[in-house]
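# Understanding the architecture of this molecule
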Amino acid sequence: MMKEIRCKLLVVGAGPGGYVCAARAGERGVDTVIVEERRVGGTCLNVGCIPSKALIHAADEFARLNEYASRRSPLGIAAAQPSLDLAQTIAWKDAIVGKLDGGVAGLLKRAHVKVVLGRARFRDGKTVVVQTETGEQTIRAESVVIATGSEPIELASLPFGGIVVSSTGLLAATELPRRLVVVGAGYIGVELGTAFAKFGSQVTLVDVAPRILPQYDAELTRPVAQRLAALGVGLKLGAAVQGLSSDGRLSIETGTGVERLDADRILVAVGRRPAVADWGLEELVLDRDGPFVRVDDRCRTSMRGVYAIGDVTGEPMLAHRAMMQGEVVADLVAQRKRVFEPRAIPAICFTDPEIVSVGPSVDEARRTHAEVRIGMVPFSANGRAMTLHGESGFVRIVARADNHVVVAMQAVGTAVSELSASFGLALEMGARLEDIAGTIHAHPTLGEAVQEAAARALARS
Ligand code: FAD
């Protein structure tokens, strides 16, 4: 048995929530230990945000070269037929992940955080036992942070294994599936389905919902659906998965009967659930919020000295939410005053085109506020969008009619993910339509459409 470690702060899980929390606490002089059972960086760096965006970029490059090779590019560019070495693409993606993982390890080291590799199990609210490679390690802390993240949901009718993979499995595929069926048309399914369609797979998206990306309104998702159609992606919507039939095909129940789909790979991307199993949750007295660990505006659980951050605490399950919660908890443990009370958490779909949404949907805004003003500008009226090949899509601003305070901003279009920063800032700072319309936006940029949308909402464009 190894010597017991004692520390002021113990963080369980080194994803974006956990590593940001530990690094910041360490920088503030808090004696901190972080435990990670797989790789520092968590889902986001290793099997989530970063690897998926790397593959999406590679697929975009490949699709562009294919367009040039078709000799139909309006840009007057022609190129030879490109080829794809997916194993090399995956190696390039893995190198980026390795670099970022190394960066996180360096960050923790510079902040004097001790990293313990192994699976942690809570014995009580102040003690965990970690199964390390060299034996059991007990760690006792004054405060602990649960940052165990989330894991992909498995369908009982289509368990992972064989040709059925989660996003983690698909992101590691070194051979291109000829026929890829994606079950789940949420952002992960549509992002990866689009990328593989661009690589050359024949992709079919299946979902029980009647349309793709159902958490966004139909206007926002229409350009994405049009692009999927142009890429030849098949859509089976309103269809329930029954399972693999004896001939290895996927059976789905559509409104009109049972269909069987041929597939070399099936990606199941039907959502993620908080990782609350097998780490000793039952030893703690924690209130729950459905499947999630309930926290207050300081990320405190119902047990004194026990905090929780990131995906394990609820929606939106996004890396930037986890990181900010991590910062808040580190500051609190370092005796600083902080609350986690964001006005807005941006959500982005890195689809083609991209969608960004900050604040409530238009319908929700209408329900909350007596009257709203909406300004919408299509990218077909934006010079920069035209030069980017991205005339489809629009920017939309929703503001309260009484005082013009902006409550929501959305966009769909090429490269609009970068607008999320100005959207978030506007909402967080309580900007009014006049603030945005009166700010000089550089020309020619997509941002001009934001300024114009504010002016339109003020009815003075
Ligand atoms: P995680 O990143 O899940 O980290 C939790 C860590 O805890 C893991 O490393 C795990 O090994 C460790 N752990 C769990 N239990 C234990 C234990 N008992 N002992 C020790 N260690 C333990 N979000 C975005 O914001 N933008 C995106 O573009 C985006 N794209 C995504 C694409 C995909 C394919 C996926 C799957 C997710 C994506 N996400 C994206 C979501 C994002 O990855 C998560 O919101 C984020 O990683 C959550 O951070 P976290 O710190 O809460 O948990």
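Placed above this text is the structure.
Each chain has its residues counted from 1, following the order in which its sequence is written. With pLDDT at 70 or above as the cut-off, local features in this predicted model cover only qualifying residues; side-chain atom pairs require 80 or more to be listed or tallied, and sums for whole chains, interfaces and linings still use all residues. To get the side-chain values, all heavy atoms of the structure are used, and hydrogens and water are removed first.

What follows concerns the packing of aromatic side chains. Any pair of Phe, Tyr and Trp rings, taking the six-membered ring for Trp, is counted once the centres come within 6.5 Å. Such a pair is stacked with planes under 30 degrees apart, edge-to-face with planes over 60 apart, and tilted for the rest. Scanning the entire structure with this criterion turns up two aromatic pairs. The interplanar angle of 85° and the centroid separation of 5.7 Å between the aromatic rings of F196 and F199 together place this pair among those described as edge-to-face. With F196 and F199 both in helix 6 (residues 187-199) and three residues apart, this pair spans about one turn of that helix. Each of the two residues, F196 as well as F199, counts as buried. Elements are defined by DSSP. Helices are runs of H or I of four residues or more, strands are runs of E of two residues or more, and each kind is numbered from the N terminus. Throughout this description, buried means an accessible area under 20% of the type-specific maximum (1.4 Å probe, protein chains only), exposed means over 50%, and partly exposed covers the range between.

Formed by 36 residues in total, the largest nonpolar core has its most connected members in V190, F196, I212, L213 and I355. Among the elements of the structure, helix 3 (49-69), helix 4 (86-110), strand 9 (179-183), helix 6, strand 10 (202-207), helix 7 (218-230) and strand 20 (347-349) are those that each provide at least two residues to this core. It is helix 6 that contributes the most residues to this core, six residues altogether. Excluding its chain neighbours within four sequence positions, the residues that come into contact with I355 are L213, Y216, L220, T221, V224, A347, I348, C349, A411, V412 and V416. The next biggest cluster of nonpolar side chains, apart from the first, holds 31 residues, and it includes A25, V30, Y307 and A330. Only buried Ala, Val, Leu, Ile, Met, Phe, Trp, Tyr and Cys residues count toward a nonpolar core, and they belong to the same one when joined by side-chain atoms within 4.5 Å. Residues count as neighbours in contact if any of their non-hydrogen atoms are within 4.5 Å of one another.

Let us now look at unusual backbone geometry. That bond from D352 to P353 is cis: its omega, -5°, falls within 30 degrees of zero. Along the polypeptide, P353 turns up in the loop between strand 20 and strand 21 (354-358). In this structure, P444 follows H443 across a cis peptide bond, with omega equal to -5°. Structurally, the position occupied by P444 is in the loop between helix 12 (433-437) and helix 13 (447-457).

What follows is about the side chain of T194. Along the chain, T194 turns up in helix 6. On the accessibility criterion, T194 (5% relative accessible area) is buried. With residues near it in sequence (within four places) discarded, T194 still touches L228, L231 and D352.

Take the site of the ligand next. Nearness is defined per residue: one heavy atom within 4 Å of the molecule or strand is enough. Among the 39 residues in the neighbourhood of the ligand, the closest are listed as E36, T43, K53, D311 and A319. Any N or O atom pair separated by 3.5 Å or less is treated as a polar contact, with the protein-specific requirement of one donor-capable and one acceptor-capable atom, and with residues adjacent in sequence counted only for side-chain atom pairs. In this structure, G17 approaches the ligand through a main-chain N or O atom, which is 2.9 Å from an oxygen atom. Measuring from an oxygen atom of the ligand, one finds a side-chain N or O atom of D311 at 2.9 Å. Among the elements of the structure, helix 1 (16-27), strand 2 (32-36), helix 2 (42-47), helix 3, strand 4 (119-124), helix 6 and helix 8 (319-333) are those that each provide at least two residues to the shell around the ligand. For the shell around the ligand, the element with the highest residue contribution is helix 2, accounting for four residues. By residue class, the composition of the shell around the ligand is 17 nonpolar, 14 polar and eight charged. When residues are grouped by polarity, Ala, Val, Leu, Ile, Met, Phe, Trp, Tyr, Cys and Pro land in nonpolar, Asp, Glu, Lys and Arg in charged, and all others, Gly among them, in polar.

This part takes up the sheet that holds strand 9. Pairing is parallel in the open sheet, where five strands are placed in the order 8-15-9-10-11. Sheet topology places strand 8 (164-165) and strand 11 (234-237) at the edges, where each strand pairs with a single neighbour. The axes are straight lines fitted to the C-alpha atoms, using for helices just the contacting stretch, and the angles between their N-to-C directions are given from 0 to 180°. Sheet contacts for helix 6: strand 9, strand 10 and strand 15 (265-268); angle to strand 10, the most-contacted strand, approximately 165°. A pair of strands counts as paired when DSSP detects no fewer than two bridges linking them.

Let us now look at the sheet that holds strand 22 (residues 372-378). If you trace the five strands from one edge of the open sheet to the other, you get 20-21-24-23-22, paired in antiparallel fashion. Every interior strand has two partners, whereas the edge strands, strand 20 and strand 22, have only one. The sheet shows a mean angle of 10° between the axes of neighbouring strands, taken without regard to direction. Across five bridges, the pairing between strand 21 and strand 24 (residues 406-413) is antiparallel. Paired with V356 across the bridge in strand 24 is A411. The strands that helix 7 touches are strand 21, strand 22, strand 23 (394-400) and strand 24; relative to strand 24, the one it contacts most, it runs at about 15°.

This part covers the pattern of salt bridges. The term salt bridge refers to a pairing of a side-chain nitrogen on Lys or Arg with a carboxyl oxygen on Asp or Glu at a separation within 4 Å. Applying the stated rule across the entire model yields 29 salt bridges. As a salt-bridge pair, R396 and D217 come within 2.4 Å of each other at their nearest N and O atoms. Residue R396 is located in strand 23, and its partner D217 is located in the loop between strand 10 and helix 7; the two are separated by 179 residues in the primary sequence. Judged by its relative accessible area of 2%, R396 is buried. A relative accessible area of 22% means that D217 is categorised as partly exposed. Taken together, the shared-partner salt bridges in this structure form one network comprising R24, R28, E327, D331 and R338.

Another aspect to go through is helix 8. Taking 1.5 Å per residue, 15 residues should reach 21 Å; helix 8 reaches 21 Å between its end C-alpha atoms and fits that length. The element helix 8 is extensively covered by neighbouring structure, given that eleven of its 15 residues are classed as buried. For helix 8, the complete set of buried residues consists of A319, R321, A322, Q325, G326, V328, V329, A330, D331, L332 and V333. Buried residues belonging to helix 8 abut strand 1 (5-12), helix 1, helix 2, helix 3, strand 6 (135-146) and strand 19 (306-308). One or two residues past the end of helix 8 sits Q335, with phi positive at roughly 65°. Given a helix with a known number of residues, its expected span is that number minus one, times 1.5 Å.

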